[in-house]
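Summary of the model geometry
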Amino acid sequence: MSANSVALAYLVAAVLFILTLKGLSSPATSRRGNMFGIIGMAIAVLTTLTLTHNWIYILIAIAVGGTIGAIIAQRIQMTAMPELVAAMHSLVGLAAVLVAMSAFNNPVAYGIALPGELLHSSNRIELFIGTFVGAITFTGSIIAFLKLSGKMSGKPLRFAGQHWVNLGLGIVMVGFGVAFFIAPSWTPFLIMTAIALLLGVLLIVPIGGADMPVVISMLNSYSGWAAAGIGFTLNNNMLIIAGSLVGSSGAILSYIMCKAMNRAFLSVILGGFGGGEGAAADSGDGIQKTYRSGSADDAAFLMGNASSVIIVPGYGLAVARAQHAINEMSHLLAEKGVTVRYAIHPVAGRMPGHMNVLLAEAEVPYEQVVEMDEINNEFADTDVVLVIGANDVVNPAAKNDKSSPIYGMPILEAHKARTVLVVKRSMATGYAGLDNDLFYLDKTMMVFGDAKKVVEDIIKSLS
Amino acid sequence: MSGVDPVVLNLTVFVLAIFVGYHVVWNVTPALHTPLMAVTNAVSGIIIVGAMLAAGPQQIDVGTVMGLVAVMLAAVNVFGGFLVTKRMLDMFKKKSK
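Structure report, in brief. (Residues numbered from 1 in each chain as written. Chains lettered and ligands numbered in written order. Predicted model: local features only at pLDDT ≥ 70, side-chain atom pairs only at ≥ 80, totals over all residues. Heavy atoms only, no water.)

1. Notes on the overall build of chain B
Check the secondary structure of chain B and you find four helices and zero strands. Overall, chain B shows an N-to-C arrangement of helices and strands of α-α-α-α. A globule of 97 residues ought to have a C-alpha radius of gyration of about 13 Å, yet chain B, at 18 Å, is considerably larger. Oriented by its inertia axes, the alpha-carbon framework of chain B measures out at about 55 × 35 × 15 Å. Once local pairs closer than 6 in sequence are excluded, the contacts in chain B between residues at least 24 apart make up 62%. Total accessible area on chain B stands at roughly 3,800 Å², and carbon and sulfur atoms take up 71% of it. (Helix = DSSP H or I, 4+ residues; strand = E, 2+ residues; numbered from the N terminus. Rg over C-alpha atoms; globule rule 2.2 N^0.38 Å. Contact = heavy atoms within 4.5 Å. Areas by Shrake-Rupley, 256 points an atom, 1.4 Å probe, with all protein chains shown as cover.)

And the structure:
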């Protein structure tokens, strides 16, 4: 194919990728959007295939990778989506590093150097950027994967002078980048890549489990920038456009997640927040607070007689695999004439939008699933709120207590409802390690037990 | 325009693509943020284009082998990403019945 036809085919593919993202503006158009993405990718791959000589080997490599990808996509549990996404980011990172090394190995083949000459100077900077972003994405995503899948503790791993070590390494890395710019050779290139790989690990280990939704969005963004960086190196607009779309998408998601947790992006990156579940519910003020507890039957009675119920699901619901049970419970309530809706906090799951997918999997109609901003005004007119597997996202301290570490974080205003039911295993604190005043309100009733068991008991009582 | 450095043209495309991405992504409904991440994962598999070019030269050397490995890795992303997105979006369809 001529260079012009290739460029035009890439343009078509780029437009299709934009339509893919556009399709996600509503569930109704989203599947068509995904199909556009598949067509766009097919066009990009087939067009590129005409430029290659070893197309048989390339097709074999695609078949092998594609089969692995397809099998994983079929088998993955929806609760494990964050791990899968992190693992896939690492593959993009590694692929970017490999392409950069290959480009440096044979720049003439890419048309970015004349035979016998060194790599163009502008391409050297781009190669450096593409490689280090790719390398950081690669190892950083592996650490995120290990943390999310529980193969490594979610606790922030910190040591004295951590930030100085990272800064120092960053400066040394740029130093070798400059050396590579002045005199391109393998030595500075490989040292710089090795430092970037190490930095990827060091940047992610201090970040705690609670901040993982931000980290995973950030690495999503990096994987896009890595692809765009390689696009600059190879003067390939296809890579630049697709990479930029992904990069800006990840950046926006990181921003949304930070805002939902009231965390500054920089302090997330610097790490150290959210060491996992706390043990005691003691608030430290020495006063023994009292709470009311009840049975599943009591909860069923309260909800059965209500005219409106809002369910606030948290990740604990998915951990207990109670999504299907809760959907069944909603059906029973609906039959009794109760309006049931679900209120979703942006960080209800382990990644942006995770809870929506988990509920969708349990066949909860998406019309019933309402985002925080839309439903917050309606708690005051709601008879019963059922908080299940959630904690920090309904903690009124975020609104009322200026000394609270989560002060300013947007919350679901469950405390405004007439009655609050909280299903929890014990009085233990949530991710942020804070006590929750919601549990001690006069209108709150605690129902202790495993979320799935409690919901099943409520179902029995309702039917 | 013939004198324009390719870097400048690349930068033009880059900046405009970021603007498009910014506006399109803000319109994505929050309910579909997980499928958004899965599909952008597939789209970032576009690195497969770079990988194929790396694997392309007739003469097989260490560079083409690295390219082939990269093609395989990126293919995992492309297939896995689009298929898992489809699986998720189908769940959103079922419920509206």
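Back to the write-up after that little detour.
2. So, the overall build of chain A
Each helix and strand counted, chain A has 17 helices and six strands in total. Projected onto its principal axes, the C-alpha coordinates of chain A cover approximately 80 × 50 × 35 Å. Out of the 463 residues belonging to chain A, those deemed buried represent 57%. By sequence separation, contacts in chain A at least 24 residues apart represent 78% of the contacts at least 6 residues apart. Carbon and sulfur atoms make up 62% of the accessible area of chain A, which amounts to about 18,300 Å² in all. Charged side chains of chain A number 27 positive and 29 negative; the gap between the two group centres comes to 4 Å. (Buried < 20%, exposed > 50% of the residue type's maximum accessible area, 1.4 Å probe, protein only. Lys, Arg positive; Asp, Glu negative; His and termini not counted. Charge placed at Lys NZ, Arg CZ, Asp CG, Glu CD.)

3. Some details on the interface of chain A and chain B
Contacts between the two partners involve 101 residues from chain A and, on the opposite side, 80 residues from chain B. Approximately 7,900 Å² of surface area, both sides summed, lies buried where chain A meets chain B, with 78% of it carried by carbon and sulfur atoms. Of all residues in chain A, Leu-24, Arg-31 and Met-41 of chain A give up the largest surface area on contact with chain B, accounting jointly for 8% of the area buried on that side. Our count for the chain A to chain B interface comes out at zero salt bridges. Applying the counting criterion to the chain A and chain B interface returns 18 residue pairs in polar contact (both at pLDDT 80 or more). Among the secondary structure elements, those contributing two or more residues to the side of chain A that touches chain B are helix H1 (3-23), helix H2 (27-49), helix H3 (55-75), helix H4 (81-105), helix H5 (121-148), helix H8 (212-233), helix H9 (237-261) and helix H14 (354-361) of chain A. (Buried area = accessible area lost by both parts, 1.4 Å probe. Salt bridge = Lys/Arg side-chain N within 4 Å of Asp/Glu carboxyl O. Polar contact = N/O pair within 3.5 Å; in protein donor to acceptor, adjacent residues only side chain to side chain.)

4. Focus on the sheet that holds strand S6 (residues 444-448) of chain A
Residue and element names in this part refer to chain A. Sheet architecture is open: six strands sit in the order S3-S2-S1-S4-S5-S6, paired in parallel fashion. Of all the strands in the sheet, the pair left with one neighbour each is strand S3 (369-371) and S6. Pairs of neighbouring strands in the sheet enclose a mean axial angle of 25 degrees, with direction left out of account. Against the sheet, helix H11 (residues 296-304) makes contact with strand S1 (308-313), strand S4 (384-388), strand S5 (419-424) and S6, and its axis sits at roughly 135 degrees relative to S6, the strand it touches most. Packing against the sheet, H14 makes contact with S1, strand S2 (339-344) and S3, and its axis sits at approximately 145 degrees to S2. (Pairing = 2+ DSSP bridges. Axes fitted to C-alpha atoms, helices over the stretch in contact; angles between N-to-C directions.)

5. Section: unusual backbone geometry
Residues and elements named next belong to chain A. The backbone phi angle of Asn-235 is positive, close to 50 degrees, even though this residue is not glycine. Exposure remark for Asn-235: the relative accessible area of 33% places this residue in the partly exposed category. In the Ramachandran plot, Glu-363 falls in the positive-phi region, its phi being about 65 degrees despite a non-glycine side chain. Within the secondary structure layout, Glu-363 lies in the loop between H14 and S3.

6. Section: the packing of H8 of chain A against H9 of chain A
All names here are of chain A. As a packed pair, H8 and H9 sit with axes 7 Å apart at the nearest point and diverge in direction by 160 degrees. Taken as axis vectors, H8 and H9 run roughly antiparallel relative to one another. The hand of the H8/H9 crossing is left-handed. Classifying every residue of the contact of H8 with H9 gives 16 nonpolar, 13 polar and no charged. (Parallel < 35°, antiparallel > 145°, perpendicular 65-115°, else oblique. Left-handed = near helix turned anticlockwise from the far one by under 90°. Nonpolar A, V, L, I, M, F, W, Y, C, P; charged D, E, K, R; others polar.)

7. Section: the nonpolar core
If you look at the biggest cluster of nonpolar residues, it comprises 187 residues, and the most contacted ones within it are Met-81, Met-238, Met-329 and Val-387 of chain A together with Ile-46, Ile-47 and Ile-48 of chain B. For Met-238 of chain A, the residues in contact, after removing those within four places along its chain, are Tyr-10, Ala-13, Ala-14, Phe-17 and Ala-44 of chain A together with Ile-46 and Val-49 of chain B. (Core = buried A, V, L, I, M, F, W, Y, C linked by side-chain atoms within 4.5 Å.)

8. Examining the side chain of Thr-131 of chain A
All names here are of chain A. Topologically, Thr-131 is positioned in helix H5. Residue Thr-131 is classed as buried on the basis of its relative accessible area, which comes to 0%. Within polar-contact distance, the side chain of Thr-131 engages the backbone oxygen of Leu-127 at 2.5 Å. Setting aside residues no more than four positions away along its own chain, Thr-131 makes contact with Val-97, Ala-100, Phe-189, Met-192 and Thr-193.

9. Some thoughts on the environment of Ser-153 of chain A
Relative to the elements of secondary structure, Ser-153 of chain A occurs in the loop between H5 and helix H6 (162-182). A sequence separation of 63 residues divides Ser-153 of chain A from Ser-90 of chain A, and the C-alpha atoms of the two residues are 19 Å apart.

10. Describing the layout of surface pockets
For the second largest pocket, the calculated volume is near 600 Å³. Contributing to the lining of the second largest pocket are 24 residues, with Val-6, Tyr-10, Leu-51, Asn-235 and Asn-236 of chain A lying nearest its centre. Among the elements of the structure, H1 and H9 of chain A together with helix H1 (6-26) of chain B are those that each provide at least two residues to the lining of the second largest pocket. Classifying every residue of the lining of the second largest pocket gives 15 nonpolar, nine polar and no charged. (1 Å grid on protein atoms, 1.4 Å probe; cavity = no way out; pocket = protein on both sides within 12 Å on 5 of 7 lines; lining within 4 Å. Points joined across faces, edges and corners; volume = space filled by probe spheres on them.)

11. Notes on the pattern of salt bridges
Residues and elements named next belong to chain A. A full pass over the atoms with the stated rule returns seven salt bridges over all chains. With its nearest N and O atoms 3.6 Å apart, the salt bridge here joins Asp-457 to Lys-460. With Asp-457 and Lys-460 both in helix H17 (residues 451-462), this residue pair falls three residues apart, about one helical turn. Note on Asp-457: relative accessible area 22%, which makes it partly exposed. Classification of Lys-460 by relative accessible area gives exposed; the value is 61%. A single network of salt bridges, built from pairs that share partners, joins Lys-399, Glu-413 and Lys-416.

So, to be careful, I would describe these as geometric facts and stop short of saying anything about function.
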